[in-house]
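Spelled out from the first residue to the last, the chains are:
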Amino acid sequence: MRRRSTPYLLLLPGMAWLGFFFLIPLASLLATSLQRPLGPSTEDGFAPALEFTNYSAALLAYWPQFLKSFAFAGLASLIGLLIAFPLAYFIAFRAGRWRMLMLVLVVLPLFSSFLLRTNAWKTLLSSEGFIVETLNALALLPDDRVLNTPIAVIAGLTYNFLPFLVLPIYASLDRIDKAVVEAAADLYATAAARLRTVILPLAAPGVLSGVLLTFIPAAGDYINAQLLGSIQDKMIGNVIQSQFIIVRDYPTASALSFMFMVTILVLVLLYIRRVGTRELV
Amino acid sequence: MIRWLGRNLLTVYALLAVGYLLLPVAVITVLSFNKPRGRQNTTWNEFSLDAWTNICRDQTICSAFGTSLRIGLIVTIVGTLLGTMLSFALIRYRFLGRTPANLVVFLPLATPEVILGASLLAFFLNLLLPLGFWTITIAHVMFTISFVVLIVNARLAGMDTRLEEAAMDLYATGLQTFRYVTLPLAAPGIAAAALLSFTLSFDDFIITNFNSGTTVTFPIYIWGAALRGIPPQVNVIATIVFAVSVLLVLLAMGLASSRRPRVRQ
């Protein structure tokens, strides 16, 4: 059973698939991003080239959408954390025999369509709806409405990735040895001190992976901005999508994609280093 | 009252958070019983069972649903198989190139979906491959593999290898050990991975949208319909899919808990 070729045989089909349909396409994306147009219209096609100006042109045209993507995704992760951490804490420490049920309820939305759930926020956030009327009664909205504003997009992003924030945090909280928390209490640490000096540091790996699982897909999302936002709220995903599928300016779209991917990877690496954990990867 | 709230603040907060998570699902279900006034089915108008009794009135909805089911099934089988094999190699063996192999498996998880979709489209375009059913399937298998590895890894890493050693000590062949010890122990992880693969494939829009050509999956139909108004029939199908998934999950949980005592003895 422990023959030397066994692991390689097991790896072969999966690695071949990822090689052909993940790694080579990334190279293909890079090659496309440097192509040169053959005529004034995108219908004329593109030729292989080393047109690095595609990058500067794309960045110059779409930097606001770039910034907006990271801002929206960052806010969604932050607000999500405020909702997810107490919820995960409750499930791990207080839910008792309801723990399993609560976990199921957290993942339940994932069994319903992403697009329909996002679209449902149109109903919930409509100007005649309960939420917006309440907010308006309290004079909390600058615009009297939520739909077709950045608030709706951020709310949608926060909502959509929340389960992916709750689950890893719950997993780390669940692993905490209760005796450690009790020891802190025995040494006269207040509840706030226990949370700050014992529970939060031990939950850090879960918070880290939860934020990554929220930030990465949120930054690249184009569904929320399309369904809930206005034209001014378009994110980088919307630009890449429309450049690829509607405008068919493949080099520009590829250059944008590549820059976006590299930015995400750099941010993720910086973030992992800063939060500093060995448990990830 | 205020003291009660103070003591149960966390409970109230947690229940509100869960309510927030489930609210849109409730909206989808409620609107499946709606008779929309105009084309947009976003505000409540009048109770009606029309959509429930006539799900396939618009043929494209049901054929889109069928396409998604077929893609989902193929993806589940291929993705789970390839991912499980990868997981066994990565967890059970120490071999040259294990670290880069791990990196290749987990990199897709750190890549935004829009990039996965866009790069595949660039690849298919450069190959002049026609977009459709098979390009969607290829793309879905690609992104499900990493998730399968993630889940099966968790199961394999927590498994007691002494059980397999015991089987070998009792003269089980390698194949017998795998068939009667390893596989049954890994099965819950593999089943969870399969369920997740299907869910991911069935619901994927971002990647599919890049590689679908003129093929219409269920999410692609919803996206197209979102502009002119999503018919309540879509809500009906989504509600049924949701109910069936919940039943399956509950069933799986019931099976898992009824089995546990036997294993522990």
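Use the structure listed above.
Residues numbered from 1 in each chain as written. Chains lettered and ligands numbered in written order. Predicted model: local features only at pLDDT ≥ 70, side-chain atom pairs only at ≥ 80, totals over all residues. Heavy atoms only, no water.

Enquirer: Any details on the overall build of chain A? Residues and values, ideally.
Expert: The helix and strand tally for chain A stands at eleven helices and two strands. Structurally, chain A occupies a C-alpha span of about 75 × 70 × 35 Å along its principal axes. Looking at chain A residue by residue over its 281 residues, the buried ones come to 51%. Across chain A, the fraction of contacts at a sequence separation of at least 24, relative to all contacts at a separation of at least 6, is 68%. Split by element, the accessible area of chain A, about 13,700 Å² in all, is 68% carbon and sulfur. For chain A, the distance from the average position of its 20 positive side-chain charges to the average position of its 15 negative side-chain charges is 12 Å. (Helix = DSSP H or I, 4+ residues; strand = E, 2+ residues; numbered from the N terminus. Buried < 20%, exposed > 50% of the residue type's maximum accessible area, 1.4 Å probe, protein only. Contact = heavy atoms within 4.5 Å. Areas by Shrake-Rupley, 256 points an atom, 1.4 Å probe, with all protein chains shown as cover. Lys, Arg positive; Asp, Glu negative; His and termini not counted. Charge placed at Lys NZ, Arg CZ, Asp CG, Glu CD.)

Enquirer: How would you summarise the interface of chain A and chain B if you had to cite specific residues and measurements?
Expert: Tallying the contact residues gives 76 residues for chain A and 74 residues for chain B. At the boundary of chain A with chain B, total buried surface from both sides reaches about 7,100 Å², with 81% on carbon and sulfur atoms. Of all residues in chain A, A:W17, A:F111 and A:L116 give up the largest surface area on contact with chain B, accounting jointly for 10% of the area buried on that side. On inspection of chain A and its partner chain B, the count reaches zero salt bridges. Where chain A meets chain B, there are 14 residue pairs in polar contact (both at pLDDT 80 or more). No other element matches the 21 residues that helix α1 (residues 6–33) of chain A contributes to the side of chain A that touches chain B. Grouping the amino acids of the side of chain A that touches chain B by side-chain chemistry returns 55 nonpolar, 15 polar and six charged. (Buried area = accessible area lost by both parts, 1.4 Å probe. Salt bridge = Lys/Arg side-chain N within 4 Å of Asp/Glu carboxyl O. Polar contact = N/O pair within 3.5 Å; in protein donor to acceptor, adjacent residues only side chain to side chain. Nonpolar A, V, L, I, M, F, W, Y, C, P; charged D, E, K, R; others polar.)

Enquirer: Let's hear about a nonpolar patch on the surface: which residues, and what values?
Expert: Residue and element names in this part refer to chain B. A grouping of M1, I2, W4, L5 and L9 is seen on the molecular surface, where their side chains present a nonpolar patch of about 620 Å² in accessible area. The leading source of residues in the nonpolar patch is helix α1 (residues 2–7), at three residues. For I2, the location among the structural elements is in helix α1. Residue classification places I2 among the exposed positions, given a relative accessible area of 75%. (Patch = residues over 30% accessible without salt bridge, like charges linked within 9 Å, V, L, I, M, F, W, Y side chains within 5 Å.)

Enquirer: Give me the pattern of salt bridges: which residues, what numbers.
Expert: What the rule picks out here adds up to four salt bridges over all chains. A salt bridge links B:D160 to B:R162; the shortest N-O distance between them is 3.0 Å.

Enquirer: Outline the layout of surface pockets, supporting the account with residue identities and numerical values.
Expert: Within this model, the second largest pocket holds a volume of roughly 580 Å³. As for the second largest pocket, its lining consists of 26 residues, and the residues nearest its centre are A:F244, A:R248, A:Y250, B:L121 and B:L125. If you list the elements that add at least two residues to the lining of the second largest pocket, you get α10 (236–247) of chain A together with α6 (113–127) and α10 (206–211) of chain B. Residue contributions to the lining of the second largest pocket peak at four residues, all from α6(B). The residue inventory of the lining of the second largest pocket, partitioned by class, reads twelve nonpolar, twelve polar and two charged. (1 Å grid on protein atoms, 1.4 Å probe; cavity = no way out; pocket = protein on both sides within 12 Å on 5 of 7 lines; lining within 4 Å. Points joined across faces, edges and corners; volume = space filled by probe spheres on them.)

Enquirer: Mind laying out the nonpolar core, listing which residues take part and the relevant values?
Expert: Counting 152 residues, the largest nonpolar core has A:L87, A:L173, A:I240, A:F244, A:L256 and A:F260 as its most contacted members. Among the elements that make up this core, the one with the highest residue count is helix α2 (residues 53–94) of chain A (17 residues). Discounting chain neighbours no more than four positions away, the residues touching A:I240 are A:A253, A:L256, A:S257, B:V114, B:I115, B:A118 and B:F210. Within the second largest apolar cluster, seven residues are counted, among which are A:L108, B:V25, B:F242 and B:V246. (Core = buried A, V, L, I, M, F, W, Y, C linked by side-chain atoms within 4.5 Å.)

Enquirer: Please set out the environment of A:S77 residue by residue, giving values where relevant.
Expert: Residue and element names in this part refer to chain A. Among the structural elements, S77 can be located in helix α2. By relative accessible area, which is 5% here, S77 ends up buried. Each residue touching S77, except ones within four places of it in the same chain, is listed here: L165, V211, T214 and F215. In terms of polar contacts, S77 uses its side chain to reach the backbone carbonyl oxygen of A73, at 2.8 Å.

Enquirer: Just give me the short version of the packing of α1(A) against α6(B), but keep the residues and values in it.
Expert: At a minimum axis separation of 7 Å, α1(A) and α6(B) run at an interaxial angle of 75°. By the angle class used here, α1(A) and α6(B) are roughly perpendicular. For the pair α1(A) and α6(B), contact is made by A:F20, A:F21, A:F22, A:I24, A:P25, A:L26, A:S28, A:L29 and A:T32 and by B:I115, B:L116, B:A118, B:S119, B:L120, B:A122, B:F123 and B:N126, respectively. Grouping the amino acids of the contact of α1(A) with α6(B) by side-chain chemistry returns 13 nonpolar, four polar and no charged. (Axes fitted to C-alpha atoms, helices over the stretch in contact; angles between N-to-C directions. Parallel < 35°, antiparallel > 145°, perpendicular 65-115°, else oblique.)

Enquirer: Just give me the short version of the side chain of A:Q241, but keep the residues and values in it.
Expert: Structurally, A:Q241 is set in helix α10. With a relative accessible area of 8%, A:Q241 lands in the buried category. Polar contacts involving the side chain of A:Q241 include one to the side chain of B:N209, which spans 3.0 Å. For A:Q241, the contacting residues outside a window of four places in its chain are A:Y222, A:I246, B:N209 and B:F210.

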